[in-house]
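# Commentary on secondary and tertiary structure
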Amino acid sequence: MGNAELIEIIRAEIGANGPIPFARFMELALYHPQHGYYASGRANIGRRGDFFTNVSVGPLFGKLLAAQFAEIWEKLRRPRDLKIVEQGAHDGIFAADALSTLRQSAGDCFSATSYCIVEPFPIWRERQQENLREFAEKTSWVASIDDMEPFVGIHFSNELFDSLPVHLIVSGGVANGATVWNEKFVDLEHGLSAGAPCGVELRCQNAPFEFVTSTVSRPDLLPHHLGFFPAGFETEVNLAAPKLMSEIAKLSRGLILTIDYGFPRAEFYSLYRNQGTLQVRAKQKKLASPFEQIGLADISAHVEWSSLAEAAQSSGATPIGFTDQHHFLTGIISKFFPDADFDSSEKRALQTLLHPEM
């Protein structure tokens, strides 16, 4: 089932307080300070890990994005103190790749650049510092976006927003001209939570988890503006992602560049996507349930981009671009590397980076 200590912590919280929203379960599974999948350092990315990211294909991704960063520096009129802030930096390899490229091919921009990583977990900060040791004078760390002062530069993230906790909601059908929405909560199997009889202590201690459905836990989960949905339609609502985007947008003069899996609102809530987008992955395999390999597997949900754009706008930002990764990276290549003779490893990396499913 997963990490035994983490399972017991979740079980104890449900046993004391009753069923919890899935967002709380996901928060504990991924970010519990000692036992969460990310917080503990167990998140394993790459060919021998649980899933791939753009950085997994090698240094080419950092090389391409460094060209984009240098152009942004030019567009900002070459400030002498450009700050690149990366959030969700994993082991810091992307930062090392990007800084190496800037040093080699955009020396003036490199001289003006400092690189700050937002990293709440000590184990990842240590790995990042090790991988960035040759750039020690250029790099710094903060534990939270709340610790950042306003800056001129770039906020960059790659697969950050899809890992934030989501609420799961399900349509109960249409009544009185509106969709009736309920929320899926995590309970102990057979309802062995707060107030439930538990005559056999061993059974309670080993009780697995199950979903139960009830009224939504908070009113801002009700997507009344989306229209009508048939009974049984399931989807996610991410309240953490727009909140974070709003906080980021208040901080910077420059560009927010975020790369992730997702859809605009209309597509995200299309009727054919009636089981939502939640994914659980371990060892390159998609698991059937978030209750498998708890604390040992990644849990993610696709990003609903319209809410992020609206949150950024509400904090003063202006959306300037939205595209798929294929067109984004081919645009960089055609502008900055039109005659590049990529070697065989870079060509293999491009095939992955430009694949439609990316």
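Residues numbered from 1 in each chain as written. Predicted model: local features only at pLDDT ≥ 70, side-chain atom pairs only at ≥ 80, totals over all residues. Heavy atoms only, no water.

### Concerning the environment of Glu-234
Spelled out, the test is: A run of H or I in DSSP becomes a helix once it reaches four residues, and a run of E becomes a strand once it reaches two; helices and strands are each numbered from the N terminus. Whether two residues touch is decided by their heavy atoms; if any such pair falls within 4.5 Å, the residues are in contact.
By secondary structure assignment, the location of Glu-234 is in strand 9 (residues 234-237). Beyond its immediate sequence surroundings of up to four residues, Glu-234 is in contact with Ile-169, Val-170, Lys-184, Arg-273, Asn-274, Gln-275 and Gly-276.

### Some thoughts on the sheet that holds strand 5 (residues 151-158)
As a reminder of what qualifies: Two strands pair under a simple rule: DSSP has to find at least two bridges between them. What counts as an axis is a line fitted to C-alpha atoms, over the stretch in contact for a helix, and the angles between N-to-C directions run from 0 to 180 degrees.
Read across the open sheet, the five strands follow the order 4-3-2-5-10; overall the sheet is parallel. The open sheet is flanked by strand 4 (139-142) and strand 10 (252-259), the only strands paired with a single partner. Within this sheet the neighbouring strands show an average axis-to-axis angle of 20°, counted without direction. Bridge analysis of strand 5 against strand 10 gives eight bridges, and the strand direction is parallel. Bridge assignment links Phe-156 to a residue of strand 10, and that residue is Leu-257. Where helix 3 (residues 60-75) meets the sheet, its contacts fall on strand 2 (82-87), strand 5 and strand 10, and the angle it forms with strand 5 comes to roughly 155°.

### Brief notes about the nonpolar core
What counts, and what does not: What we call a nonpolar core is a set of buried Ala, Val, Leu, Ile, Met, Phe, Trp, Tyr and Cys residues that are connected through their side-chain atoms within 4.5 Å. The rule is simple: take the accessible area with a 1.4 Å probe, protein chains only, and divide by the maximum for that residue type; under 20% is buried, over 50% is exposed, in between is partly exposed.
One finds Leu-64, Leu-65, Phe-69 and Phe-156 to be the most contacted residues of the largest nonpolar core, which totals 44 residues. No other element matches helix 3, which puts ten residues into this core. Leu-65 has contacts with Phe-94, Phe-156, Leu-257, Phe-328 and Leu-329, leaving out every residue within four places of it along the chain. Counting 30 residues, the second-largest nonpolar core is a separate cluster that includes Leu-6, Met-26, Leu-28 and Trp-124.

### Quick notes on helix 11 (residues 325-336)
Spelled out, the test is: Given a helix with a known number of residues, its expected span is that number minus one, times 1.5 Å.
With twelve residues, helix 11 should cover 16 Å at 1.5 Å per step; its first-to-last C-alpha distance of 16 Å lies within 8% of that length. The inward-facing, buried residues of helix 11 contact helix 3, strand 10 and helix 12 (344-353).

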